[in-house]
Amino acid sequence: MIQRIRNFQFLKLQKLVIVSILIGFLSAFLGIALKNLTEYYEEIFAHQATVNPFYYILFPIFGLSVIYFLREYLFKKKENKGIKEIFESTNSKSQNLPNYKISSHFINGLLTVIFGGSTGIEVSTVVASATIGSVAQRKQNVFKEYKTELICAGVAAGITALFSSPIAGILFALEVISRKVTRAFLITNLIAVLTAFGLIFILNEKPLFTVVITTWHLKAIPYFILLGILAGFTSVYLTRCVLFFKVQFAKIKTHYYKIIIGSSILSISLLLFPQLYGEGYHAIKELIANPNETQLTLSIVLTFIGILILKPIVTSATLVSGGDGGVFAPSLFIGAFLGLLVALVLNTYFSANVIPLNFIIIGMAAVLSASIHAPFTSIFLVCGLTNDYTLFFPILVVCLISKYTAKTIYPFTVYTYSPTIAK
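Cut-offs applied
- Residues numbered from 1 in each chain as written.
- Predicted model: local features only at pLDDT ≥ 70, side-chain atom pairs only at ≥ 80, totals over all residues.
- Heavy atoms only, no water.
- UniProt positions renumbered as here; feature names shortened; annotations may be inferred.
- Helix = DSSP H or I, 4+ residues; strand = E, 2+ residues; numbered from the N terminus.
- Rg over C-alpha atoms; globule rule 2.2 N^0.38 Å.
- Buried < 20%, exposed > 50% of the residue type's maximum accessible area, 1.4 Å probe, protein only.
- Contact = heavy atoms within 4.5 Å.
- Areas by Shrake-Rupley, 256 points an atom, 1.4 Å probe, with all protein chains shown as cover.
- Lys, Arg positive; Asp, Glu negative; His and termini not counted.
- Charge placed at Lys NZ, Arg CZ, Asp CG, Glu CD.
- Salt bridge = Lys/Arg side-chain N within 4 Å of Asp/Glu carboxyl O.

An unreviewed UniProt entry lists the chain under the name CIC family chloride channel protein, from Flavobacterium granuli. UniProt lists a comment for the chain under the heading Subcellular location (unreviewed entry), and it reads "Membrane".

Put into structure tokens, the structure is as follows:
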């Protein structure tokens, strides 16, 4: 009898390992495909808009309209709710992520960004890869008790594929989705992210940002702390913007009015600041390329402040008018501009002699940490993005400060907020 139980447990473990490998491969393949397609077409469309600014008006309304018609006629009027869909599934024994979520988030995430929607593909990838884990869990009765673990395995592999960081993948699944560690969680998620990382290695996927970080100085720690506090305030502004727009747009019953208003906000903002186009990684790359050559002038100050004020607004307008995405890429974008602005002000007016590139990288991690309340995910995610761990300690400090600053001001994220909890 004991031997039979052992044989059954071993067989179940074997199946769990195999399904974790399969989830890791499929989720990573989806993430890599979506990332590369988005980057390729976003560059083409953004360039066309730069040449002919009329496209800043045409692209957003066209993209949001296509997404609307796809949702109405292909996906049977079912809306995408983002990461909240994962929470609803993991918190319920009966509710599952339907299969169509893989294709709907893939297509809608791609269309949103390449046509100028000011968000990123990260949440689209997370929900689509979570659905892969959910589908695998439903295929055999033996996996029913591992529903959350297999969904997290898909999420972890998807994040690994996007940011080339297996540790960030596991930590995001733990900090944001599961919030508890079990033996099954470790087995499934470790196998899934290792499979995903293996695929990245085979396909020779490069880090998103190419940086050369030489050093950092202890004297800069007070300035890093200041950046962390500012990042906390900025992230709360982003969160409140998204929630405010959701409430206001919920009052509009005709969906096409939402598209017209949202695309109008987006188009006007893009005409003023083309850096806001899409996920904004192209703008971050420009900041990283020549951080020391940027001089603090009135024009630069107004540009940076305008971008920091408008980015949460255009992200919110994109999401509530039907775009697919979340606050990952916007947080990184805001953090990069905030970090460089703080460094330029310190160097110009206080002779601080801080390294602007360090502030760009740390700012990205700090705003992301505060926006999703996941400091450890943010640390390894940004280090994975740059393939450099020189700034690990200051990033750790600043991410913790920014998270707790944001949590003190406003205890919710866009993922955890609900009207009933807020009351």
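Engineer: Talk me through the overall build of the chain; I want residue IDs and the actual numbers.
Structural biologist: In terms of regular secondary structure, the chain is built from 17 helices and zero strands. At 21 Å, the chain has a C-alpha radius of gyration in line with the 22 Å of a compact globule built from 423 residues. In terms of its C-alpha atoms, the chain occupies a principal-axis envelope of roughly 80 × 55 × 45 Å. Here the chain holds 423 residues, and 60% of them are scored as buried. A separation of at least 24 residues holds for 82% of the contacts in the chain among residues at least 6 apart in sequence. On the chain, roughly 18300 Å² of surface is accessible, and the fraction owed to carbon and sulfur atoms is 65%. For the chain, the centre of its 32 positive side-chain charges and the centre of its 17 negative side-chain charges are spaced 14 Å apart.

Engineer: Give a description of the pattern of salt bridges that names residues and reports values.
Structural biologist: On inspection of all chains with the given rule, the structure shows three salt bridges. For Lys-35, the salt bridge is made with Glu-205, and the minimal N-O distance between the two is 3.5 Å. In this pair, Lys-35 is assigned in helix α1 (residues 2-51) and Glu-205 in the loop between α8 (183-202) and α9 (221-250), connecting sequence segments 170 residues apart. There is no split in this pair, since Lys-35 and Glu-205 are both buried. Among the ionic pairs, Lys-285 bridges to Glu-39, the shortest N-O distance being 3.7 Å. Placement of the pair is Lys-285 in helix α11 (residues 281-289) and Glu-39 in helix α1, with a sequence separation of 246 residues.

Engineer: Which residues make up the side chain of Thr-405, and what values do they have?
Structural biologist: For Thr-405, the position within the fold is in helix α16 (residues 392-409). Once you skip the residues sitting within four places of it in the chain, Thr-405 turns out to touch Gly-228, Ile-229, Gly-232 and Phe-233.

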